[in-house]
Amino acid sequence: MRLGCIADDLTGASDLALMLAREGLRTIQTIGVPREGLDLSAADAVVVALKSRTIPPQQAIEQSLAAATALRKAGASHVFFKYCSTFDSTDEGNIGPVTEALLAFTGSDFTLACPAFPANGRTIYKGHLFVNGVPLHESSMKDHPLTPMRDSNLVRVLQRQMELSVGLVPYEDVDAGPDALRSAFARERAAGHRVVIVDAVSDTHLRSIGMAAADFPLITGGSGVAMGLPAAYRQDAASAAAPRGASFDAPDGRPIILAGSCSSATQGQVKAAIDAGVPALRLDPMQLSSKDVTAQTALDWLAAQQTNGPVLIYSTSTPDDVQAVQGKLGRMNAGEIVEKTLADIARALPALGFTRIIVAGGETSGAVVNALDVKALTIGPEIDPGVPWTRSLGGVDLALALKSGNFGAPDFFLKAWTMLR
Ligand code: ADP
């Protein structure tokens, strides 16, 4: 195995696994640190999905190091730390603290940080992150329930999270190609920086970065920056491309969507599904908190649905509603109440015949997949940029699409099913 990856949430892990598979690496995704005995020998890359984005920094460090240790044991020669393309984090972390810990683990003194993903509208120019052309702090990320992003300057954002010095490799160096980039990395390292934010506004830039950084023991970034790595690695090792196709074998069973994301893309997808007549149940955090509504309420509702088509259970709300709820319940508590309820619902789904499941939301996906006790996933075709169909490996047989809240077209919840055989 060449590349051992650690992702700070589950949907981000799928996004990265998809990118690597599409670029020709045989890729397996594990949920949490891989169990002893899980056969990873057929993989060129393994992506470990953690749920470490918003936990206390020390725990994020411990989990990331445990993952790195397991990956190294399984043969990984390079480590990739994957976070969200909107750099989701708080001033406490966890991108900075985990990067520092992984630098020490890999025995290296320099790495890059690049969340750019132009195919999904995430670009970096002069260190500033843009979301569909809007500075991060003006995008809907400013209202994220757990990691509101209020500063677009990633050098500043990351420096607030770390002791080591953060520098910048600007557009001009990236645009000049891999050799210029290597020189820029050397220049920034000599200037005393230990991590550099790297500009990127196109896939060409990402491929250059992959080429220039392929030898780094540690690379950090979004899935975009992994785009160029397989080609760079292939120069000295042949890899068989993962089979790709427009359709995917899935277990027989009923389809369901669980949406715990409040991101604007998910809001549009929930609305499109409801407008299209998908039976839908909204979970209100206040009613969950008072126990007027429980997971059992939702399961009773599910049992009463006669359709074989998709059904939707969602907590998705507008930023104003989320703020009002958080004012009453607290930010983390509100999130946990919703996540726990969706997890409790998920746990009962296989017994009710639901085996084809879309989950919207990174944290939400982590909670749902843990509840379903899924340990590893194979990667199938891409539904929309960054979101593949996956199938569980071992345990209950499920087709799962784990969607980062802000990913996917408005008709995602409607069209994804057509790819399943
Ligand atoms: P995304 O991928 O969009 O960031 P996540 O699932 O990672 O979505 O995060 C959304 C968080 O918001 C979760 O912790 C979820 O439980 C919480 N949440 C969901 N619905 C609500 C709501 N109506 N009010 C407050 N918090 C909510």
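Reading guide: rules and limits
- Residues numbered from 1 in each chain as written.
- Predicted model: local features only at pLDDT ≥ 70, side-chain atom pairs only at ≥ 80, totals over all residues.
- Heavy atoms only, no water.
- Helix = DSSP H or I, 4+ residues; strand = E, 2+ residues; numbered from the N terminus.
- Buried < 20%, exposed > 50% of the residue type's maximum accessible area, 1.4 Å probe, protein only.
- UniProt positions renumbered as here; feature names shortened; annotations may be inferred.
- Contact = heavy atoms within 4.5 Å.
- Near = heavy atom within 4 Å.
- Polar contact = N/O pair within 3.5 Å; in protein donor to acceptor, adjacent residues only side chain to side chain.
- Areas by Shrake-Rupley, 256 points an atom, 1.4 Å probe, with all protein chains shown as cover.
- pLDDT = per-residue confidence, 0-100.
- Core = buried A, V, L, I, M, F, W, Y, C linked by side-chain atoms within 4.5 Å.
- Domains from an automatic or database assignment.
- Axes fitted to C-alpha atoms, helices over the stretch in contact; angles between N-to-C directions.
- Left-handed = near helix turned anticlockwise from the far one by under 90°.
- Nonpolar A, V, L, I, M, F, W, Y, C, P; charged D, E, K, R; others polar.
- Pairing = 2+ DSSP bridges.

Cis geometry is adopted by the peptide bond preceding asparagine 94, which originates at glycine 93 and carries an omega value of 10°. Residue placement: asparagine 94 occurs in the loop between strand E4 (78–82) and helix H3 (95–106). With phi around 60°, phenylalanine 87 is a residue other than glycine that occupies positive phi space. With respect to the helices, strands and loops of the structure, phenylalanine 87 is situated in the loop between E4 and H3. Look at phenylalanine 87 and you get buried, because its relative accessible area is 0%.

Our next topic: the UniProt feature "domain: Four-carbon acid sugar kinase N-terminal" (unreviewed entry) in the protein. Those residues carrying the UniProt feature "domain: Four-carbon acid sugar kinase N-terminal" (unreviewed entry) are residues 3–229 in this numbering. Between the C-alpha atoms that bound residues 3–229 the distance is 9 Å, and the span itself is 34% helix and 20% strand.

Before going further, it helps to spend a moment on the environment of glycine 405. Within the secondary structure, glycine 405 is located in the loop between strand E18 (399–403) and helix H15 (412–415). Taking relative accessible area as the criterion, glycine 405 reaches 7% and is therefore assigned buried. Not counting chain neighbours up to four residues away, the residues in contact with glycine 405 comprise Ser261, Ser263, Ala265, Thr266, Gln269, Gly361 and Gly362.

It is worth spelling out the site of the ligand at this point. Around the ligand lies a shell of 20 residues, among which His144, Ser261, Ser263, Glu339 and Thr364 are the nearest. For the ligand, an oxygen atom lies 2.6 Å from a polar atom in the side chain of glutamate 339. A distance of 2.9 Å separates an oxygen atom of the ligand from a polar atom in the backbone of glycine 362. Protein contacts shield 97% of the accessible area of the ligand, which totals 570 Å² for the unbound molecule. Counting residues per element, the ones that place at least two in the shell around the ligand are helix H13 (331–348) and helix H14 (362–371).

Right, let's get into the confidence of the model for the protein. Low pLDDT means the predicted atomic positions in that stretch should not be read closely. The pLDDT averaged across the protein works out to 94; a share of 97% of its residues lies at or above 70. Here residues 238–244 is a poorly scored stretch, pLDDT under 50, and it has twelve contacts once near neighbours within four places are set aside; other chains count.

This part covers the nonpolar core. Counting residues in hydrophobic clusters, the biggest one holds 138 residues, and the most contacted among them are Leu112, Phe185, Ile313, Ile345 and Trp389. Take this core: its biggest share by element is eight residues, from helix H1 (residues 10–22). If you count residues domain by domain, this core takes at least three from each of domain 1 (3–234) and domain 2 (254–419). With residues up to four places along the chain from it excluded, the contact list for isoleucine 345 reads Leu258, Leu283, Ala295, Ala298, Leu299, Leu302 and Ile313.

Let us now look at the packing of helix H2 (residues 57–73) against H3. The contact between H2 and H3 brings their axes to 9 Å, and the two run at 35°. Viewed along their axes, H2 and H3 form a crossing whose handedness is right-handed. Only Pro97, Val98, Ala101, Leu102, Phe105 and Thr106 of H3 make contact with H2, whose side of the interface consists of Pro57, Ala60, Ile61, Ser64, Leu65, Ala68, Thr69 and Arg72. Residue composition of the contact of H2 with H3, by class: ten nonpolar, three polar and one charged.

The strands that make up a sheet pair up through hydrogen bonds in the backbone, lying either parallel or antiparallel. Ordered by their spatial adjacency, three strands build an open sheet running E6-E7-E8, and the pairing between neighbours is antiparallel. One side of each edge strand has no neighbouring strand; the edge strands of this open sheet are strand E6 (122–125) and strand E8 (134–135). Two strands pair when backbone bridges link them, and E6 and strand E7 (residues 128–131) are joined in this way by four bridges, in the antiparallel orientation. Residue pairing in the sheet places threonine 123 in a bridge with phenylalanine 130 of E7.

Orientation of H13 relative to H14, taken along the N-to-C sense of each, is 35°, at an axis distance of 8 Å. The handedness of the crossing between H13 and H14 comes out as right-handed. Counting all contacts with H13, which are made through Glu339, Leu342, Ala343, Ala346 and Arg347, the residues of H14 involved are Glu363, Thr364, Ala367, Val368 and Ala371.

Let us now look at the UniProt feature "domain: Four-carbon acid sugar kinase nucleotide binding" (unreviewed entry) in the protein. According to UniProt, the positions carrying the feature "domain: Four-carbon acid sugar kinase nucleotide binding" (unreviewed entry) are residues 257–413. Overall, residues 257–413 shows 43% helix and 24% strand. The separation of its end C-alpha atoms is 7 Å.

This part is about H14. Buried residues dominate H14, accounting for nine of its ten residues. Taken together, the buried positions of H14 are Gly362, Glu363, Thr364, Ser365, Gly366, Ala367, Val368, Val369 and Ala371. Against H1, strand E2 (27–31), strand E12 (254–259), H13, strand E15 (354–360) and E18 lie the buried residues of H14. Directly beyond the C-terminal end of H14, a positive phi value near 60° is found at aspartate 373.

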